Amino acid sequence: MISFASGLFYDAKLYDVIKDFSFFLKPILFIVLGFLLISRITDKNFIFRALIYTAVISATIHLVELLIFTINHPFSVNRIRGDLGRDNFIELFALVLLFVKSTRVFYSEAILKRINIFKFILLVSFVFYFSRTMVISFFIVIIALNGYAKISSRGLIYITIFNLLTIALFTSLQFADLKRESKGVEGFFYKIKMAPSEIFSPDIDINTKNHRSLWDHWRAYEALKAIEGISDTKYKLGWLFGKGLGAQVDLGFEAPLDGKKFQYIPIIHNGYVYVIFKSGIIGLIIYLVFLLITYMQSYKQGNYHVSVINNFISGIALFFMLTSLIITGIYNSSDIIVFILGGLFALQFYYSNQHQTNEDRHIRN
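Residues numbered from 1 in each chain as written. Predicted model: local features only at pLDDT ≥ 70, side-chain atom pairs only at ≥ 80, totals over all residues. Heavy atoms only, no water.

Colleague: Just checking my understanding: could you explain the overall build of the protein for this structure?
Modeller: In terms of helices and strands, the protein carries 16 helices and two strands. Within the protein, counting contacts between residues at least 6 apart in sequence, those at least 24 apart form 71% of the total. For the protein, the exposed surface amounts to about 19,200 Å²; the carbon and sulfur share of it is 64%. (Helix = DSSP H or I, 4+ residues; strand = E, 2+ residues; numbered from the N terminus. Contact = heavy atoms within 4.5 Å. Areas by Shrake-Rupley, 256 points an atom, 1.4 Å probe, with all protein chains shown as cover.)

Next up, the structure:
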């Protein structure tokens, strides 16, 4: 609503307005659809089976494609990622579920019998995505599903250990002589090394004709251009309300993206800056409140089923907090985790009411 209202004060093409509207509507629509679907079907645990089986099928296809690729091409991390996919969050969440024992109360006997086979298939596929986001997300969601994402003495210990290991990894990579053009695993570690500066430390004096330097700071560069765009608005009102639906980020030059050249782009990788650009600080506050409320579900009390679901919801919130920095968070057009989130809210409602009903029956008896 904010981005729609603020967009009325700027000139934007109808096509761009409709496109932005679909971006903002999609996560809301998916959460509602996920909630309604799981609310209406009899088998409430269907969402877990669907997630795991879909992930295993996807991983199997990925591995077959990988085998064909390696037979016909020399090994190259960049080319594998470019041709076979850069990530798969369905596989990520399915792998996490299979590794956490508390979630097995939701599985069918068929899954329990094949759980080690499924874990192996998903783990191998997971490794060959060479995705920084998937690796970090895996440990974040594992911590959350085990109930350690809450602010408690044990939770703080696990979070501190994770942060220290992450800092140690990035620090050690800064001293490693890694080449950007490397085609093997070294190229993957180079991308890990450059991740902080790519997001947080743009080189303002980047030569836009030197694409090698530019791509190493691309996410930060486009975020910087978006901030410049809202800073140029009249009375700086863009900071408060954004530039609205249909607004485009001016990159300052024609960037070669996806085989074409674009100077104006409707969406950027940094989801927080994206929300500010479209709906201002007010929109960002609403987005942060949504993520915070979703994360706080793990603090709610409930029976065993509810506790596991709450931890899972909290893990998804932390996942979106991370991916909002890197791939637009819930506004990523290919993300369907928000659909799973809606289904989990339905399960939370169902098992909470079931527990309450059982308590009422016990009191009446």
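Alright, that's what it looks like, and here's the rest.
Colleague: Help me out: how do you make sense of the pairing of strand E1 (residues 249-257) in this one?
Modeller: Every regular strand shows the same layout, with side chains that alternate between the two sheet faces. Bridge count for E1 against strand E2 (residues 260-265) is five bridges, and the pairing is antiparallel. Bridge pairing links Val-249 to Ile-265 in E2. In this structure, the hairpin formed by E1 and E2 is closed by a connection of two residues, where Asp-258 is found at a positive phi of approximately 55°. (Pairing = 2+ DSSP bridges.)

Colleague: What am I meant to see in the pattern of salt bridges here?
Modeller: Side-chain pairing between opposite charges can occur once the charged atoms of the two side chains come close. Enumeration according to the criterion identifies four salt bridges in this entry. Between Asp-20 and Lys-278 there is a salt bridge, with the nearest N and O atoms lying 2.5 Å from each other. Remark: Lys-278 occurs in helix H14 (residues 271-295) and Asp-20 occurs in helix H2 (residues 14-40); sequence separation between them is 258 residues. A residue is classified by how much of its surface remains accessible, and Asp-20, at 1% relative accessible area, is buried. With a relative accessible area of 0%, Lys-278 lands in the buried category. (Salt bridge = Lys/Arg side-chain N within 4 Å of Asp/Glu carboxyl O. Buried < 20%, exposed > 50% of the residue type's maximum accessible area, 1.4 Å probe, protein only.)

Colleague: Can you help me understand a nonpolar patch on the surface in this one?
Modeller: Together, Phe-21, Leu-25, Ile-28, Leu-29, Val-32, Leu-33 and Leu-36 make up a nonpolar patch on the protein surface, roughly 590 Å² of accessible area in all. Positionally, Ile-28 belongs in helix H2. (Patch = residues over 30% accessible without salt bridge, like charges linked within 9 Å, V, L, I, M, F, W, Y side chains within 5 Å.)

Colleague: Explanation requested: the confidence of the model for the protein in the structure shown.
Modeller: Detailed reading of the predicted coordinates is not advisable wherever pLDDT is low. Here the protein averages 84 in pLDDT, while 82% of its residues score no lower than 70. Per-residue pLDDT stays below 50 along residues 359-365; that stretch engages in zero contacts with residues further than four places along the chain or on separate chains. (pLDDT = per-residue confidence, 0-100.)

Colleague: Explain helix H15 (residues 304-326) to me, please; I cannot follow it from the model alone.
Modeller: The α-helix advances 3.6 residues per turn, and as a result positions three or four apart in sequence lie on the same side. Helix length check: H15 (23 residues) gives 34 Å between terminal C-alpha atoms against 33 Å at 1.5 Å per residue, within 8%. Counting buried residues in H15 gives 17 out of 23 residues, a clear majority hidden from the surface. Immediately beyond the C-terminal end of H15, within one or two residues, lies Thr-328, with a positive phi of roughly 75°. (Expected span 1.5 Å × (residues − 1).)

Colleague: Sorry, what's going on with the nonpolar core here?
Modeller: Here is a general trend for soluble globular proteins: nonpolar side chains tend to be buried in one another's company. Of all hydrophobic cores here, the largest spans 82 residues; its most connected members are Leu-92, Phe-93, Ile-316, Phe-320, Ile-337 and Leu-344. The element that contributes the greatest number of residues to this core is H15, accounting for ten residues. Not counting chain neighbours up to four residues away, the residues in contact with Phe-320 comprise Tyr-272, Tyr-287, Leu-291, Gly-329, Ile-330, Asp-335, Ile-337, Val-338 and Leu-341. Of all hydrophobic cores here, the second largest spans six residues; its members include Leu-66, Val-77, Leu-84 and Phe-130. (Core = buried A, V, L, I, M, F, W, Y, C linked by side-chain atoms within 4.5 Å.)

Colleague: Teacher, can you tell me more about the side chain of Thr-323 here?
Modeller: Following the sequence through the fold, Thr-323 ends up in helix H15. With residues up to four places along the chain from it excluded, the contact list for Thr-323 reads Thr-133, Thr-328 and Gly-329.

Colleague: Looking at this model, I keep getting lost on the packing of aromatic side chains. Mind explaining?
Modeller: What describes a pair of aromatic rings is the distance from one ring centre to the other and the angle between the planes of the rings. Under the counting rule described, the total for this entry stands at 23 aromatic pairs. Between the aromatic rings of Tyr-287 and Tyr-331, the centroid separation amounts to 5.6 Å while the plane-to-plane angle is 45°, which identifies the pairing as tilted. Residue Tyr-287 is located in helix H14, and its partner Tyr-331 is located in the loop between H15 and helix H16 (337-364); the two are separated by 44 residues in the primary sequence. In this structure Tyr-331 comes out as buried when scored by relative accessible area, which is 10%. Between Tyr-295 and Tyr-299, the aromatic rings sit 5.8 Å apart at their centres with planes inclined by 75°, giving edge-to-face as the arrangement. Assessed through its relative accessible area of 10%, Tyr-295 is described here as buried. Aromatic rings pair up to connect Phe-48, Phe-89, Phe-93, Phe-106, Phe-312, Phe-319, Phe-320, Tyr-350 and Tyr-351 into one cluster. Sitting over the face of the ring of Tyr-350, Lys-44 holds its NZ or CZ atom 5.3 Å from the ring centroid. One cation-aromatic arrangement involves Lys-119 over Phe-99; the distance from NZ or CZ to the ring centre is 4.9 Å. (Phe/Tyr/Trp six-rings, centres within 6.5 Å; stacked < 30°, edge-to-face > 60°. Lys NZ or Arg CZ within 6 Å of the ring centre and 35° of its normal.)

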